[in-house]
Amino acid sequence: MAEPTLEKIKLEIVTPERVVVADDVDEVVLPGIEGEFGVLHGHIPFLTALKVGVLTYKKDGVEEHLAVSWGYVEVTSDNVKVLAETAEKATEIDLKRAKTAMEAAEKILSAGKEDTEYEMAKIRLEKAVIRTQVAGKK
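Residues numbered from 1 in each chain as written. Predicted model: local features only at pLDDT ≥ 70, side-chain atom pairs only at ≥ 80, totals over all residues. Heavy atoms only, no water.

Here we take up the overall build of the protein. The helix and strand inventory of the protein stands at two helices and eight strands. Structurally, the protein occupies a C-alpha span of about 60 × 30 × 30 Å along its principal axes. Residue burial in the protein is summarised as follows: out of 138 residues, 38% are buried. Here the analysis covers contacts within the protein between residues at least 6 apart in sequence; of these, 54% occur between residues at least 24 apart. Of the roughly 8300 Å² that the protein leaves accessible, carbon and sulfur atoms contribute 53%. (Helix = DSSP H or I, 4+ residues; strand = E, 2+ residues; numbered from the N terminus. Buried < 20%, exposed > 50% of the residue type's maximum accessible area, 1.4 Å probe, protein only. Contact = heavy atoms within 4.5 Å. Areas by Shrake-Rupley, 256 points an atom, 1.4 Å probe, with all protein chains shown as cover.)

Grouped together as the largest cluster of nonpolar side chains are 21 residues, with contacts concentrated most on Val80 and Val82. Listed by contribution, the elements that provide at least two residues to this core are β1 (9–14), β2 (19–25), β3 (27–32), β4 (35–40), β6 (53–59), β7 (62–76) and β8 (79–89). Ranked by size, the runner-up nonpolar core spans nine residues in total, among them Val52, Ile93, Val134 and Ala135. (Core = buried A, V, L, I, M, F, W, Y, C linked by side-chain atoms within 4.5 Å.)

Glancing now at the layout of surface pockets. Where empty space is left in the structure can be found by rolling a water-sized probe over the atoms. Space inside the largest pocket adds up to approximately 170 Å³. For the largest pocket, the full set of lining residues is Glu88, Arg97, Ala101, Arg124, Lys127, Ala128 and Arg131. Taken together, the elements giving at least two residues each to the lining of the largest pocket come down to α1 (95–110) and α2 (116–135). Among the elements that line the lining of the largest pocket, the one with the most residues is α2, at four residues. The residue makeup of the lining of the largest pocket, split by class, is two nonpolar, no polar and five charged. (1 Å grid on protein atoms, 1.4 Å probe; cavity = no way out; pocket = protein on both sides within 12 Å on 5 of 7 lines; lining within 4 Å. Points joined across faces, edges and corners; volume = space filled by probe spheres on them. Nonpolar A, V, L, I, M, F, W, Y, C, P; charged D, E, K, R; others polar.)

The terminal C-alpha atoms of α1 lie 22 Å apart, and with 16 residues this matches the ideal 22 Å at 1.5 Å per residue to within 8%. Looking at α1, one finds that the buried residues are Ala98, Met102, Ala105 and Leu109. When α1 is viewed along its axis, its buried side chains cluster within an angular range of 70 degrees and face the same direction. Turned more than 90 degrees away from the buried face of α1 sit Lys96, Arg97, Glu103, Lys107 and Ser110, all of them exposed. If you follow the buried residues of α1, they end up packed against α2. (Expected span 1.5 Å × (residues − 1). Arc of directions from axis to C-beta.)

To continue, consider the pairing of β6. The buried fraction of β6 is high, at five of seven residues. By the bridge criterion, three bridges tie β3 to β6 in an arrangement that is antiparallel. Bridging from a neighbouring strand, Val28 pairs with Tyr57 of β6. Relative to β7, β6 runs antiparallel, the two sharing seven bridges. By the bridge assignment for β7, Tyr57 is matched with Glu64. Hairpin connection, β6 to β7: the antiparallel pair is bridged by two residues, and Asp60 has positive phi, about 50 degrees. (Pairing = 2+ DSSP bridges.)

This structure, assessed with the given rule, holds one aromatic pair. Relative to Phe46, the ring of Phe37 lies with its centre 5.3 Å away and its plane at 70 degrees, an arrangement referred to as edge-to-face. (Phe/Tyr/Trp six-rings, centres within 6.5 Å; stacked < 30°, edge-to-face > 60°.)

Attention shifts here to a nonpolar patch on the surface. Together, Leu47, Tyr72 and Leu83 make up a nonpolar patch on the protein surface, roughly 360 Å² of accessible area in all. Within the secondary structure layout, Leu47 lies in strand β5 (residues 46–50). (Patch = residues over 30% accessible without salt bridge, like charges linked within 9 Å, V, L, I, M, F, W, Y side chains within 5 Å. Salt bridge = Lys/Arg side-chain N within 4 Å of Asp/Glu carboxyl O.)

Structure (structure tokens):
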């Protein structure tokens, strides 16, 4: 029996600095603010906010992972457009730097003072953890 052919969807991931991905892919899994969601060709159109997390897409059986933070996702039946504050492929992440950032944020958080610096450290920690996870998928 022949394998079913998946129709491709156009994936565009853009940050203020650059176009990170512009490719035809089989599927995309994204970290939305209401939870993780997947998109295949023919998905119902919608718009949602993006949170810090791992974006995964599959092309011809090969998975690619990116660390993304905040932005918006527009889904149509054959297109996924991601406008993100940051997006880094696993191969672009400096694992040592990500771990150093994670340790620095944890140090501030362990001090226990809830102020602006504390809130910023929580955000830096979340981003560093995601970057470390994605870098480990190289």
